[in-house]
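For reference, the chains in residue letters:
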Amino acid sequence: GILELREEIVKKLKEDNNITYGLDEITLAVGAKQALSSTMMVIAGPGDEVLIPVPCWVSYSEMVKIAGATPVFVPVRADDFMLDIDAIKTAITPHTKAIIICTPNNPTGAVYSEESLRELGYLAVKHDFFIVADEIYEKLIYGDAEHFSIASISEEVRKRTVTINGFSKAYAMTGWRVGYAAARADIIKGIIKIQSQTTSATSAISQKAAVAALR
């Protein structure tokens, strides 16, 4: 990603989400979808399990499989589609490598509460697994709902979280294919290695448009 855009993303994450990232902790991708897929290939592999609250976006489980890991589906609460922390606790095993969450959620529309995300953060630290937080819908909230970024909880949670976002939803830039991942530097370095051998980068003109969108 161009320096100009990474600088704007660092600023956005600090101002909107209360998360502090360095420039070496940000990478651009060909849409949030590629950022998610590359993340899976970096953090998970054969023998690993990745928890996925369901209902979920169809690509999550396939991304886990492509990485060689096993998706483990965990039900959400039936009455409001919120995270079921007890079900997540039950699903955790010594093979649990990560959980993928999407809030605001596709397809249910649920906006996970700060309380539930703090409980999930505690579990991630206790059992030492990653949280892949897909926040692409963060601006699509209504009524009294408030988006909360799980990586903002603490440094211990932040270093176990990969925050995924992009420009397709909030800025109506679906076809421009600009997404990004924010995480500790070694995870970002791994994503960059994969991307350098696959797509290289999203287009330069799309990145310039993304800079304009953030400004």
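The structure presented is a predicted model; accordingly, all values stated were derived computationally and were not measured.

A. Structural detail: the overall build of the protein chain. A count of helical and extended segments in the protein chain gives eight helices and seven strands. Computed over the C-alpha atoms, the radius of gyration of the protein chain is 16 Å, within 12% of the 17 Å expected from 2.2 N^0.38 for a compact globule of 215 residues. Its C-alpha atoms give the protein chain principal-axis dimensions of about 45 × 40 × 30 Å. Counting across all 215 residues of the protein chain, residues that qualify as buried make up 53%. The long-range fraction of contacts in the protein chain, counting pairs at least 24 apart against all pairs at least 6 apart in sequence, stands at 69%. On the protein chain, roughly 9,700 Å² of surface is accessible, and the fraction owed to carbon and sulfur atoms is 53%.

B. Up close: the nonpolar core. The biggest cluster of nonpolar side chains holds 28 residues, and the ones touching the most others in it are Met40, Ile43, Val50, Ile100 and Ile164. At the level of secondary structure, the elements contributing two or more residues to this core comprise helix H2 (31-43), strand S2 (49-54), helix H3 (59-66), strand S4 (96-102), strand S5 (130-134), strand S6 (161-166) and helix H7 (185-196). Element by element, the count of residues in this core is highest for H2, at five residues. The contacts of Ile164, once residues within four sequence positions are left out, are Ala32, Ala35, Leu36, Thr39, Val132, Ala133, Asp134, Glu135, Ile136, Tyr180 and Ala181.

C. Layout of H3. Those residues of H3 not exposed but buried are Ser59, Tyr60, Ser61, Met63 and Val64. At the exit of H3 stands Gly68, carrying a positive phi of roughly 95 degrees.

D. Representation of the sheet that holds S2. Pairing within the open sheet is mixed, and its seven strands lie in the order S1-S7-S6-S5-S4-S2-S3. Every interior strand has two partners, whereas the edge strands, strand S1 (26-29) and strand S3 (70-75), have only one. Along the sheet, successive strands turn relative to each other by an average axial angle of 20 degrees, direction set aside.

E. Region of interest: the packing of aromatic side chains. Inspection of the entire model under this criterion finds three aromatic pairs. Here the aromatic rings of Trp57 and Tyr60 are separated by 5.3 Å at their centres, their planes lie at 90 degrees, and the arrangement is edge-to-face. A relative accessible area of 23% places Trp57 in the partly exposed class. Note on Phe167 and Tyr171: the rings are 5.5 Å apart at their centroids and 35 degrees apart in plane angle, and the pair reads as tilted. Owing to a relative accessible area of 1%, Phe167 belongs among the buried residues under this scheme. Grouping aromatic residues by their ring pairs yields a cluster made of Phe167, Tyr171 and Tyr180.

F. Summary view of the environment of His95. Mapped onto the elements of the fold, His95 is located in the loop between helix H4 (85-91) and S4. On the basis of relative accessibility, which here comes to 45%, the residue His95 falls in the partly exposed class. Expressed as a C-alpha distance, the spacing of His95 and Thr70, which sit 25 residues apart in the sequence, is 9.6 Å. For His95, the contacting residues outside a window of four places in its chain are Gly47, Asp48 and Glu49. Within the local environment of His95, its side chain forms a polar contact with the backbone oxygen of Gly47, the two atoms lying 3.4 Å apart.

What counts, and at which threshold
Residues numbered from 1 in each chain as written. Predicted model: local features only at pLDDT ≥ 70, side-chain atom pairs only at ≥ 80, totals over all residues. Heavy atoms only, no water. Helix = DSSP H or I, 4+ residues; strand = E, 2+ residues; numbered from the N terminus. Rg over C-alpha atoms; globule rule 2.2 N^0.38 Å. Buried < 20%, exposed > 50% of the residue type's maximum accessible area, 1.4 Å probe, protein only. Contact = heavy atoms within 4.5 Å. Areas by Shrake-Rupley, 256 points an atom, 1.4 Å probe, with all protein chains shown as cover. Core = buried A, V, L, I, M, F, W, Y, C linked by side-chain atoms within 4.5 Å. Pairing = 2+ DSSP bridges. Axes fitted to C-alpha atoms, helices over the stretch in contact; angles between N-to-C directions. Phe/Tyr/Trp six-rings, centres within 6.5 Å; stacked < 30°, edge-to-face > 60°. Polar contact = N/O pair within 3.5 Å; in protein donor to acceptor, adjacent residues only side chain to side chain.

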